[in-house]
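Geometric and topological summary
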Amino acid sequence: MSFISVDAASDFSYQNLPYGVFSTSENPRHRIGVAIGDQILDLSVIRSLFVGPVMYKHQDVFDRSTLNAFMALGYEAWSEARRTLQTLLSASESTLRDDVSLRSRAFVHQSAAMMHLPADVGDYTDFYSSRDHATNVGIMFRGKENALMPNWLRLPVGYHGRASSLVVSGTSIRRPCGQMRPDQTKPPVFGPSKQLDIELEMAFFVGGGNPLGEPIPINKAHEHIFGMVLMNDWSARDIQAWEYVPLGPFLGKNFGTTISPWVVPMEALLPFAESNPIQDPEPLPYLQHQDAYTFNINLFVSLKGQDMTEAVNICRSNFKYMYWTMKQQLTHHTVNGCNVRPGDLLASGTISGPNPESFGSMLELSWRGSKSIDVGGGKTRTFLKDGDEVVITGYCQADGYRVGFGLCKGTILSALNG
């Protein structure tokens, strides 16, 4: 255990130690920190204590303003740095524990910190890897007999997104305007989206990349996955419905995507790995792996409107419902020789489970607007209203501690011409 006091219900246990980028009013420089309990350990202050055989040559990565350089060092460096942090924060280690001056400089209370995007994200890819979600959406738009497209069970379907509008938790999202065709007998109209939605997702950061033309084999994929965050991939369903044929999402998606600021390292999540889902038909050999890489992460979505006194939970899901694993996603992404780079972000797609309460979008919860979502006090939603605050949380639960992700939060602002 650690000399830092950590509540059993805290997301940021000694077993977690997620990485993030923060600043304070006293020191506005962006710097890398690790969360434990209600504290942040400023790695720029203690970088000289990373003296392992890999990290002693690369202490400067903890003086950067993003995690990209650290991510680029690769799997061995991440493991060594984590072991160093566990030692330094241990109750039996005196280096930080007993040095009052160093502790006063190295620790910042989370309430005094402003969080920033943890990395410069060069590229962002969004997958579509929840069978329940894909089936639900397919039934809505194509009917039960054609719910899944022929390729869905054969490969991890995805599309290349955009990184420019990725934002950190707490950033407000402007209701987008665009073309819609609400009446199929009339021409399209332009205006604010009336079907603004959430998408409960998770995403992983690529660590060490690969050279152009050289795929990442599935037995090495875990060495390229740095850690995970929560994600809300906001969606304008009416804009999306009109534009998406034949090339897929565009303006219905690219107006904003929110991620949580703390990147939970994969080593912290491995104790919560479970057997992978049975995949039938069997994937092609390049996508096959037997090691467990499905994770039991409890996920929640709450909504609080301007006229509501408290937030109401509208979704309880779990990352273990995913059909395709992150290893399969990364391997498929690069099998054609596509190169990925440190800081690239690969998202799961909407995470829905088998029961209505586990549906990860309002599109599903309201079944394309045909049903009302009860948010308490006699109030309902089908899609988001201006002023609605959406918060995604998630954690792995162990005996006596959690490995959690903090908040992924955003509030809807009215459209500029709305």
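Heads up: these notes are all about the structure in this document. (Residues numbered from 1 in each chain as written. Predicted model: local features only at pLDDT ≥ 70, side-chain atom pairs only at ≥ 80, totals over all residues. Heavy atoms only, no water.)

It is worth spelling out the pairing of strand β13 (residues 200-206) at this point. β13 sits mainly inside the fold: seven of its seven residues count as buried. As judged from the seven bridges shared by β13 and strand β14 (residues 225-232), these two strands associate in the antiparallel manner. Following the sheet pairing, Met 202 is matched in β14 by Leu 230. Inspection of the sheet shows β13 paired to strand β22 (residues 345-347) by three bridges, in the antiparallel sense. Across the sheet, Phe 205 pairs through a bridge with Leu 345, a residue of β22. (Buried < 20%, exposed > 50% of the residue type's maximum accessible area, 1.4 Å probe, protein only. Helix = DSSP H or I, 4+ residues; strand = E, 2+ residues; numbered from the N terminus. Pairing = 2+ DSSP bridges.)

This brings us to helix α2 (residues 75-88). Taking 1.5 Å of rise per residue, 14 residues should cover 20 Å, and α2 covers 20 Å from first to last C-alpha, within 8% of that figure. Ala 77, Trp 78, Ser 79, Glu 80, Ala 81, Arg 82, Thr 84, Leu 85 and Leu 88 are the residues of α2 that are buried. (Expected span 1.5 Å × (residues − 1).)

If you trace the five strands from one edge of the open sheet to the other, you get β9-β26-β25-β20-β21, paired in mixed fashion. Lying at the two open borders of the sheet, with one neighbouring strand each, are β9 (173-174) and β21 (312-318). Sheet topology note: the β9/strand β26 (residues 402-413) ladder contains two bridges and is parallel. Residue pairing across strands places Ile 173 opposite Ile 412, the latter belonging to β26.

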